[in-house]
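Here is what each chain is made of, one letter per residue.
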Amino acid sequence: MNLQTMKIGPRLGLGFGIVLALCMVLGWVGYSGLAKQGAHLEAIGGNILPSIKQLGDLQTTLSAYRRWSLRAVYSNTDEARSSSVAQMNEARELLRTRSATYRKDMLLTGTPEEPLYATYESMMEKYFQLDQQRMLPALANGARGRGEAEAVLVADSLASFNAALKALDELTAYNVKIANETVASAHATHARSVTLLATSAIAALVLGMLAAFLITRSITSPLRQAVGAANAIAAGDLSVRIEPKGRDEAAELMSSMKSMSGVISSLIAAQTEMSRQHTAGAIDHKIPTDQFPGAFHEAAELINEVVAAHIAVKFRVVEVIGAYAKGDLTVRMDRLPGKKGDVTAAVDAVQASLANIIGQIKEATDSINTAAKEI
């Protein structure tokens, strides 16, 4: 792009536009990095940490259910056994409610977490079914069914409990792994964002400085040429080369200065031609004023008027001296102002000298005539 083909206003607008675009790029880079880090934080705070907490609550509730099961089996009184069974039922319902909440609000479908959670739910329901179908009916028989209930508790029920607890541990480990990966990704995103932002800032600084340099040079370089040309013309050097480049204001200034230099050169050439013509005797030669505009036209007319005035004085001197040559000493030179008064004084001196000579000649003639009559 040739900046000289643009006006200074659009050129400065281009510079500000580049700076604004670079600022927008920096803003976008910063925003993009913050948005990615925000997404990581949202994943950690919005799902992973609540999931880990909920899984911990599930483990706690499941363990509480197991404790109440043990108490129900090993209680020595029917009242204590009934109370433990009631606590078992309450823990079971709470566990199912919390499990349903986890599946609805926290489970990440389509991920390895989904089959793990399905395993947990399957083992939990199997655990509950064993208790409800075998252990609790055995406990309903009192001391006679305690042995059967204990057999269920330490065999099949324990295996299902351990399988459900293991599934919860694996779910917790999976979420911890996801949390660690998300934190590591957040750190990596932060590092990339810092690097990208720093790189973008350096690039923006370099591009901004380059744009400022090019735009400034495109403005100041023609202006320096214009100043140099103006100084040369002011010093009387009209031979300086003025070459406008581009279509901006500086080029228009150079073009105007070139035209001005041409007009001044033409006026000087016209003055030189007048001097040559007058030297050759063509004292009626004048500068053609219609070739010059404005103040140059007035200057040319003024030069013509001054030259004409001096010529008029010369012709008047010739006229007066011519009258004196014819013996008419009554003609007097015009009273000229200023230094021109010296011309008036010189002509007056000629007139006085001629008058004196004529008077002396007249006196001598009269003396000769008188002497001739006496003889």
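Shown above is the structure to which this text applies.
Predicted model only: the values in this text are computed from it and were never measured.

Novice: Mind showing me how you'd approach the overall build of the chain here?
Specialist: Broken down by element type, the chain carries eight helices and zero strands. Along the chain, from the amino end to the carboxyl end, the secondary structure elements read α-α-α-α-α-α-α-α. A compact globule built from 375 residues should have a C-alpha radius of gyration of about 21 Å, whereas the chain, at 60 Å, is more than 25% larger. Along the first, second and third principal axes, the C-alpha atoms of the chain reach 210 × 35 × 25 Å. Going through the 375 residues of the chain one by one, you find that 31% of them count as buried. Pairs at least 24 residues apart make up 67% of the contacts formed inside the chain by residues separated by at least 6 positions. Accessible surface, the chain: about 22,400 Å² in total, of which carbon and sulfur atoms supply 62%. When the 37 basic and 37 acidic side-chain charges of the chain are each reduced to a single mean position, those positions are 5 Å apart.

Novice: Would you explain the side chain of Asp-131 in this entry?
Specialist: Residue placement: Asp-131 occurs in helix α3 (residues 113-139). This buried residue, Asp-131, is left without a salt bridge; Arg-66 holds the nearest opposite charge, at 5.7 Å. A polar atom in the side chain of Asp-131 sits 2.9 Å from the side chain of Tyr-65. Asp-131 has contacts with Tyr-65, Ser-69, Met-88, Leu-136, Pro-137 and Ser-157, leaving out every residue within four places of it along the chain.

Novice: In this structure, what is going on with the nonpolar core? I would like to understand it.
Specialist: One broad rule of soluble globular proteins: the nonpolar side chains tend to lie buried together. Tyr-120, Met-135 and Leu-139 are the most contacted members of the largest nonpolar core, which has 30 residues in total. At the level of secondary structure, the elements contributing two or more residues to this core comprise α1 (8-74), α2 (78-105), α3, α4 (146-154) and α5 (156-234). At nine residues, α3 tops the list of elements feeding residues into this core. Residues within four places of Tyr-120 in sequence aside, it is in contact with Leu-58, Leu-95, Ser-99, Ala-164, Ala-167, Leu-168 and Leu-171.

Novice: What exactly am I supposed to notice about the packing of aromatic side chains here?
Specialist: For any two aromatic rings, the description comes down to two numbers: the centre-to-centre distance and the angle of the planes. A complete count under the given rule lists six aromatic pairs for this structure. Both rings, one in Tyr-127 and one in Phe-128, keep their centres 6.1 Å apart while their planes meet at 25°; by these two values the pair is stacked. For the residue pair Tyr-127 and Phe-128, the accessibility class agrees, reading buried in each case. Measuring from centroid to centroid gives 5.7 Å for Tyr-127 and Phe-161, while their planes differ by 55°, and the two rings are tilted. Of this pair, Tyr-127 sits in helix α3 while Phe-161 sits in helix α5; the two residues are 34 residues apart in sequence, bridging distant segments of the chain. For the pair formed by Tyr-127 and Phe-161, the shared burial category is buried. In textbook terms, an aromatic cluster arises when at least three aromatic residues are bridged by ring pairs, as seen for Tyr-65, Tyr-127, Phe-128 and Phe-161. Between the NZ or CZ atom of Arg-66 and the centre of the ring of Phe-161, over which it lies, the distance is 5.4 Å. In this structure, Arg-71 is placed above the aromatic ring of Trp-68, and the distance from its NZ or CZ to the ring centre is 4.7 Å.

Novice: Explain α4 here, please?
Specialist: Because each turn of an α-helix spans 3.6 residues, side chains separated by three or four positions in sequence point in the same direction. Among all positions in α4, only Ala-149, Val-152 and Leu-153 are buried. Seen from one end, α4 has its buried residues packed into an arc of 100°, which puts them on one side.

Novice: Could you clarify how one ought to interpret a nonpolar patch on the surface in this entry?
Specialist: There is a patch of nonpolar side chains on the surface, built from Leu-207, Leu-210, Phe-213 and Leu-214 and spanning about 350 Å² of accessible area. Mapped onto the elements, Leu-210 comes out in helix α5.

Novice: What am I meant to see in the packing of helix α7 (residues 294-325) against helix α8 (residues 341-374) here?
Specialist: To characterise two packed helices, one gives the angle between the axes of the helices and the distance between these axes. The geometry of α7 relative to α8 is characterised by a closest axis approach of 11 Å and an angle of 5° between their N-to-C directions. Relative to α8, α7 is oriented roughly parallel. For the pair formed by α7 and α8, the contact residues are Val-313, Val-317, Val-320, Ile-321 and Tyr-324 on the first element and Val-343, Val-347, Val-350, Gln-351 and Leu-354 on the second.

Novice: Sorry, what's going on with the pattern of salt bridges here?
Specialist: Here the idea is simple: oppositely charged side chains can pair when their charged atoms come close. Taken as a whole and assessed by the stated rule, the structure comprises twelve salt bridges. Of the charged contacts, one joins Arg-134 and Asp-156 as a salt bridge, the two residues approaching to 2.8 Å between their closest N and O atoms. One end of the pair, Arg-134, is in helix α3; the other, Asp-156, is in helix α5, and 22 residues separate them in sequence. Using a relative accessible area of 38% as the deciding quantity, one classes Asp-156 as partly exposed. Of the charged contacts, one joins Asp-348 and Arg-332 as a salt bridge, the two residues approaching to 4.0 Å between their closest N and O atoms. One end of the pair, Asp-348, is in helix α8; the other, Arg-332, is in the loop between α7 and α8, and 16 residues separate them in sequence. The exposure class assigned to Asp-348 is buried, which follows from its relative accessible area of 16%. Through salt bridges with shared partners, a single ionic network connects Glu-93, Arg-96 and Glu-125.

Novice: Sorry, what's going on with helix α6 (residues 249-279) here?
Specialist: Taking 1.5 Å of rise per residue, 31 residues should cover 45 Å, and α6 covers 45 Å from first to last C-alpha, within 8% of that figure. Residues of α6 that are buried include every one of Ala-250, Ala-251, Met-254, Met-257, Ser-261, Val-263, Leu-267, Ala-270, Met-274 and His-278, and no others. Those residues of α6 hidden inside the fold are in contact with α5 and α7. Residue Gly-281 follows α6 closely and has a positive phi angle near 105°.

Novice: Is there a simple way to think about the packing of α3 against α4 in this case?
Specialist: At a minimum axis distance of 7 Å, the contact between α3 and α4 shows a crossing angle of 155°. What the angle tells us is that α3 and α4 run roughly antiparallel. The handedness of the crossing between α3 and α4 is left-handed. Across the interface between the two elements, Leu-130, Arg-134, Met-135, Ala-138 and Leu-139 of α3 pack against Arg-146, Glu-148, Ala-149, Val-152 and Leu-153 of α4. Along the lines of polarity and charge, the residues of the contact of α3 with α4 split into seven nonpolar, no polar and three charged.

Rules of the game
- Residues numbered from 1 in each chain as written.
- Predicted model: local features only at pLDDT ≥ 70, side-chain atom pairs only at ≥ 80, totals over all residues.
- Heavy atoms only, no water.
- Helix = DSSP H or I, 4+ residues; strand = E, 2+ residues; numbered from the N terminus.
- Rg over C-alpha atoms; globule rule 2.2 N^0.38 Å.
- Buried < 20%, exposed > 50% of the residue type's maximum accessible area, 1.4 Å probe, protein only.
- Contact = heavy atoms within 4.5 Å.
- Areas by Shrake-Rupley, 256 points an atom, 1.4 Å probe, with all protein chains shown as cover.
- Lys, Arg positive; Asp, Glu negative; His and termini not counted.
- Charge placed at Lys NZ, Arg CZ, Asp CG, Glu CD.
- Salt bridge = Lys/Arg side-chain N within 4 Å of Asp/Glu carboxyl O.
- Polar contact = N/O pair within 3.5 Å; in protein donor to acceptor, adjacent residues only side chain to side chain.
- Core = buried A, V, L, I, M, F, W, Y, C linked by side-chain atoms within 4.5 Å.
- Phe/Tyr/Trp six-rings, centres within 6.5 Å; stacked < 30°, edge-to-face > 60°.
- Lys NZ or Arg CZ within 6 Å of the ring centre and 35° of its normal.
- Arc of directions from axis to C-beta.
- Patch = residues over 30% accessible without salt bridge, like charges linked within 9 Å, V, L, I, M, F, W, Y side chains within 5 Å.
- Axes fitted to C-alpha atoms, helices over the stretch in contact; angles between N-to-C directions.
- Parallel < 35°, antiparallel > 145°, perpendicular 65-115°, else oblique.
- Expected span 1.5 Å × (residues − 1).
- Left-handed = near helix turned anticlockwise from the far one by under 90°.
- Nonpolar A, V, L, I, M, F, W, Y, C, P; charged D, E, K, R; others polar.

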